[in-house]
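# Per-entry structural report
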Amino acid sequence: MVDNKKKSPSGLTPDQWLNLRKYSQLFFLILLLVFYLWSRREFYLFPGGGSGIKQKLINLPLKLDPLVMIVQLLASRTFLIGSLLAVITVILTLLLGRVWCGWFCPVGTLLDWFPFRSWKRSSPNIPEGLRGVKYVLLLVILFAGLLKNISLLFLDPITILYRTMTTAIWPALDQIVTGIELALYRIPFLGPAVSGFDSLIRPSIFPPHPASYRYGGLYFGFFLGIIALNNLAPRFWCRYLCPLGGMLAFLGKFSFIQCEITPECNLCGNCISICPTGAIQSNDHVFCDPGECTMCLACAAECPGRAVTYPARITQIIRQPYDIERRKILVSLGTAVLGVSLLESYPVSENKSPKLLRPPGVINDRLLSTCIRCGECSTVCPTNAIQLTVGEAGMEGLWTPMLIPRIGYCDYSCHACGQVCPVEAIPPLSLEEKRKQIIGRAYLDTNRCIPWADNQDCIVCEEVCPIPDKAIRLEETLIVTPEGEQKIVQRPFVIRKRCTGCGICENKCPLSGEAAIQVLLPQGHFQEISF
Amino acid sequence: MNDLSRRHFLHLIAASLGSLGGIYLTGCLNQEKLLTKSIDSEKISPTIFQPDPTSTEIPPTATDLATSTPENTPEPSPTIAYPNLVVARNGDPEEMVRKAVQALGGMERFVKSGDKVVVKPNICVAYHGYKYAATTNPWVVAAIVKLALEAGAKNVKVMDYPFGGSAEQAYNVSGIKAEVNKAGGKMVVMSNLRYVDTSIPKGKDLKSTKIYNGVLNADVLINVPIAKHHELARLTLAMKNMMGVISNRPMMHANLGQRLADLNSRVRSSLVIVDAVRMLMNHGPSGGNLADVKKADTIIASPDIVAADSYAATLFGLKPNDLTYIKKGKEMGLGENNLSKLKIEEINLG
């Protein structure tokens with residue numbers, strides 16, 4: 001066995017370093033959850049109270065991600081002060097290598113927790129050349145970003161995690177907790193405790209209304225796929241595919257501190273088999289590729305001869321066959337140009353479907369070149385009104401936010417989406433400004449509306465309309481029923497000019513299925529009114 | 001080794017699933033009990049004060065008898081007459097509430113020591129502060145909380161279920177949470193679990209619906225509506241305020257007047273305090289326009305919900321019977337809508 005009691009010059013034994021890394025991973029995963037839960041509550045509970053510093057910090061995990069920050073800067077041509085936070089990660093990588101991947105990245109942490117080692121009978125031989133994929137992905141994303149298309153940012157690990165948590169994990173947890181609550185509530189002595197939990201603790205974890213998101217399985221499947229790839233090789237995603245990993249790998253090549261295997265190495269091969277990213281290779285001698293190394297330090301703990309060191313010095317960059325080269329750059333450029341032109345040749349999102357309602361204050365073109373697809377707006381929307389597009393906005397608009405009033409309405413006293421958007425794709429409006437934004441306009445279907453079609457009072461849409469002067473009014477009409485009876489019915493009608501399209505009328509309409517009042521984009525004059 | 005641990009793992013899963021299933025089944029059994037219990041309990045909890053519109057007399061308490069001398073009270077059963085309804089005007093909210101409740105015989109008449117009290121203000125939306133008169137005045141609610149606690153209530157819970165925005169948000173925005181917490185009461189987020197199918201034995205149109213059992217189980221329910229405009233009901237007052245304790249509200253609109261009366265025959269308010277400090281004259285129930293708000297500095301208190309609503313209607317220049325639910329409430333025997341038959345005490349603090 002290896003003597004791991006021997007201390008390294010830093011004063012910690014290799015095992016202690018390994019533990020430190022595990023605590024760091026756990027800590028940052030919990031930190032991400034804390035930020036996630038905080039963002040869910042902060043701005044909708046205290047509307048209008050969002051101060052500048054909170055708004056800049058609340059999406060910290062996304063702002064530390066250099067890939068999304070650089071790409072959105074390229075595409076939107078707008079510099080955001082907050083995106084400077086990503087410089088921290090860049091500097092850290094230039095100093096210490098890919099510590100982001102090994103110590104901080106929550107996706108990497110989850111991948112480390114599902115090694116599938118015990119399941120693996122034989123590991124398939126994956127060609128080393130596959131490592132180049134992450135560079136190609138990175139370059140395609142960067143080039144497409146220059147061409148104002150950032151659709152592929154949905155491949156960024158942090159956005160993947162946020163999206164999956166919001167659309168799949170949280171709604172599922174919500175259902176599970178509700179199920180457990182219902183089961184336990186019926187047990188007499190547990191009843192008060194359960195309802196106490198339900199009204200005291202639950203609201204701080206789950207949204208006020210049961211979380212409902214479309215296609216949760218799709219997002220979860222995507223995430224599950226990434227984890228399942230671990231079956232082929234540990235951290236398959238980080239090694240071969242992750243575009244953020246590609247960017248950090250490129251920077252890591254230049255890092256000041258690198259893993260170095262000294263000539264004292266006795267070629268036992270322990271480090272080669274333990275390395276989770278396969279960064280240590282041997283041809284004529286054993287060496288570590290700093291671009292692939294996540295600084296997890298597992299090799300140092302395994303090395304019997306203390307031949308693994310981490311010297312701090314400027315080293316010469318050794319090129320690997322899978323690194324960025326001219327051919328990859330050209331292929332990526334070609335792919336990006338061709339892909340973007342093909343998408344532009346039939347932009348579905350430009351053919352605005354009248355139901356493609358965007359969050360308050362959003363300008364559609366700007367959204368597509370700014371939105372990083374993290375789904376944070378959808379996370380914080382207390383009514384779940386903000387859902388992610390799947391086909392509605394075309395391929396270029398995949399997983400961008402849209403409002404579906406039948407699922408949720410835009411709360412009159414909430415402006416959380418604009419406050420938490422890390423790239424201001426949804427502008428950070430004050431509550432007063434947000435209340436004036438035209439999301440769409442309500443249109444009444446008199447063929448189905450209860451007072452119009454069935455001569456019965458209903459008034460729900462008028463009652464719930466939050467506009468101070470009411471955008472929906474009632475008109476007392478004397479009608480003769482089919483039975484010949486005279487009757488006064490209050491029939492709703494919409495004063496279009498006052499309507500902001502918040503959708504609470506559509507949401508609360510008591511008809512089953514589609515509502516008799518719907519919020520639609522009024523074509524034409526929408527653009528001039530928009531923010 | 002591998003096989004063993006897998007088997008062990010499967011055993012564990014089977015055991016935990018089995019026990020979970022067991023717990024669940026026990027729960028199901030209990031659900032039946034719970035349902036029958038709530039359906040059976042037609043009678044209202046005996047400690048709730050049930051208003052009798054025809055009588056203004058209530059029997060004296062033990063202390064009254066002890067302090068009274070034989071000379072003063074020759075009759076074996078002396079009675080004290082309280083007004084049916086008290087209107088306080090032109091004071092600050094807390095003062096008006098205190099004087100009005102005092103004139104009704106003090107909070108001790110409604111809240112006994114150790115009672116669990118629920119206060120139901122109108123916090124229907126999370127949109128505006130109290131100045132917009134869409135939600136009950138925070139100081140009115142706080143004054144009631146204080147009075148109930150002073151009368152010896154075990155705890156005072158304040159709750160509503162807004163239709164616009166979430167409860168937590170509305171409690172903050174309305175300013176009610178801050179005042180209630182200061183007064184020693186507790187704001188409760190109404191849990192979806194606690195709406196139970198409840199039969200309405202006296203109901204003419206509404207025979208049963210899901211009602212919040214925290215309200216049903218309370219010893220004392222104090223109903224604190226704000227007087228405001230509503231397009232269908234014309235006004236939303238105390239009887240309409242009870243919409244907040246049921247889960248299926250859209251169905252109420254089909255026959256609002258009768259169904260509100262039915263609901264109020266099951267969920268009885270021990271004391272009604274109508275907040276007309278600010279009245280929303282138009283564009284209710286959500287409001288949002290200060291021009292629609294009229295400062296009236298008035299508090300109406302009565303144990304008779306129909307009487308309280310009838311008087312409040314006159315503040316808007318309406319007759320009690322202009323509101324269908326008042327008419328239906330009278331028909332159902334929930335209270336008196338003829339103001340000339342009531343003993344009304346007016347207090348002017350100005």
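Residues numbered from 1 in each chain as written. Chains lettered and ligands numbered in written order. Predicted model: local features only at pLDDT ≥ 70, side-chain atom pairs only at ≥ 80, totals over all residues. Heavy atoms only, no water.

Along chain B, the regular secondary structure elements total eleven helices and 14 strands. Residue burial in chain B is summarised as follows: out of 350 residues, 55% are buried. Carbon and sulfur atoms make up 54% of the accessible area of chain B, which totals about 14600 Å². (Helix = DSSP H or I, 4+ residues; strand = E, 2+ residues; numbered from the N terminus. Buried < 20%, exposed > 50% of the residue type's maximum accessible area, 1.4 Å probe, protein only. Areas by Shrake-Rupley, 256 points an atom, 1.4 Å probe, with all protein chains shown as cover.)

Residue Pro285(B) is bonded to the preceding Gly284(B) through a cis peptide linkage, with omega at 0°. Assignment of secondary structure puts Pro285(B) in the loop between strand S12 (271-280) and strand S13 (293-302). Phi angles above zero are rare outside glycine, and Leu297(A) is one such case at about 70°. Relative to the elements of secondary structure, Leu297(A) occurs in the loop between strand S3 (286-288) and helix H16 (298-302). Phi angles above zero are rare outside glycine, and Asn90(B) is one such case at about 60°. Mapping Asn90(B) onto the fold places it in the loop between strand S3 (85-89) and helix H3 (93-103). Exposure remark for Asn90(B): the relative accessible area of 41% places this residue in the partly exposed category.

Looking now at the packing of helix H10 (residues 305-315) of chain B against helix H11 (residues 324-331) of chain B. Residues and elements named next belong to chain B. Following both chains from N to C, one finds H10 and H11 inclined at 150°, their axes separated by 10 Å at the closest point. On the basis of the axis angle, H10 is roughly antiparallel to H11. Here H10 and H11 pass one another in a crossing that is left-handed. Only Tyr-325, Ile-326, Gly-329 and Lys-330 of H11 make contact with H10, whose side of the interface consists of Val-306, Asp-309, Ser-310 and Ala-313. The class makeup of the residues in the contact of H10 with H11 is four nonpolar, two polar and two charged. (Axes fitted to C-alpha atoms, helices over the stretch in contact; angles between N-to-C directions. Parallel < 35°, antiparallel > 145°, perpendicular 65-115°, else oblique. Left-handed = near helix turned anticlockwise from the far one by under 90°. Contact = heavy atoms within 4.5 Å. Nonpolar A, V, L, I, M, F, W, Y, C, P; charged D, E, K, R; others polar.)

Pairs may arise between side chains of opposite charge once their charged atoms sit close together. Residues and elements named next belong to chain A. Under the defined criterion, the tally for this structure stands at 25 salt bridges over all chains. A salt bridge links Arg-214 to Glu-392; the nearest nitrogen and oxygen atoms lie 2.7 Å apart. Here Glu-392 lies in the loop between strand S5 (386-388) and strand S6 (401-403) and Arg-214 lies in the loop between helix H11 (202-205) and helix H12 (216-228), a separation of 178 residues in the sequence. The network of salt bridges with common partners includes Glu-128, Arg-131, Lys-134 and Glu-292. (Salt bridge = Lys/Arg side-chain N within 4 Å of Asp/Glu carboxyl O.)

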